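Close look at the chain arrangement
Below, each chain spelled out in residue letters.
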Amino acid sequence: MLTQAEISAYKRDGYLPGRPLLSAEEAGRLKDECLRTCLHERKDGTHRQASNRVKPYLLFRWAADLVRTPAILDAVEALIGPDILVFHTTVWLKEPGGSKFVPWHQD
């Protein structure tokens, strides 16, 4: 659950910094599933992001479970209320220290 100070910070700043809402085991399992389903290996051994990385919650159980994670929904509900609808998601695969770039955007 978010504190009143965190809710006020969100209203003031428009975002909240990341917070651990999944266990390390859950995060690891989700990462493995994401890479398995949303990363395509080319014949030359390089990788590209597969086209199914857009709205994966409609295609894969792991992504559907993620958008329904109680800890995530509780945090969102504290900010916007109980009427929550997932309309769109995109998986952005970026390796730590990699050169890939995602420009500024609004979620």
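For the structure itself, look to the data block above.
Figured I'd write up the structure that's included with this text. These numbers come from a predicted model, not from an experiment.

Quick word on the pattern of salt bridges
If charged atoms from side chains of opposite charge come close, those side chains can pair. Counting across every chain of the model gives four salt bridges. A salt bridge links Asp13 to Arg12, with the shortest nitrogen-to-oxygen separation between them at 3.0 Å. Residue Arg12 is classed as exposed on the basis of its relative accessible area, which comes to 61%. For Glu33, the salt bridge is made with Arg36, and the minimal N-O distance between the two is 2.6 Å. A residue pair is termed a helical-turn pair when its members lie 3 or 4 positions apart in one helix, as Glu33 and Arg36 do in helix α2 (residues 24–38) at three residues. Relative accessible area serves as the criterion here: at 24%, Glu33 is assigned to the partly exposed category. Residue Arg36 is classed as exposed on the basis of its relative accessible area of 58%.

Let's talk about the environment of Thr37
On the secondary structure map, Thr37 appears in helix α2. A sequence separation of 42 residues divides Thr37 from Leu79, and the C-alpha atoms of the two residues are 31 Å apart. With near-sequence residues (within four places) excluded, Thr37 lies in contact with Ala50, Asn52, Phe60 and Trp62. Within the structure, the side chain of Thr37 is placed 2.8 Å from the backbone oxygen of Glu33, a separation counted as a polar contact. Polar side-chain contacts of Thr37 include one of 3.1 Å to the side chain of Trp62.

Definitions and limits used
- Residues numbered from 1 in each chain as written.
- Predicted model: local features only at pLDDT ≥ 70, side-chain atom pairs only at ≥ 80, totals over all residues.
- Heavy atoms only, no water.
- Salt bridge = Lys/Arg side-chain N within 4 Å of Asp/Glu carboxyl O.
- Buried < 20%, exposed > 50% of the residue type's maximum accessible area, 1.4 Å probe, protein only.
- Helix = DSSP H or I, 4+ residues; strand = E, 2+ residues; numbered from the N terminus.
- Contact = heavy atoms within 4.5 Å.
- Polar contact = N/O pair within 3.5 Å; in protein donor to acceptor, adjacent residues only side chain to side chain.

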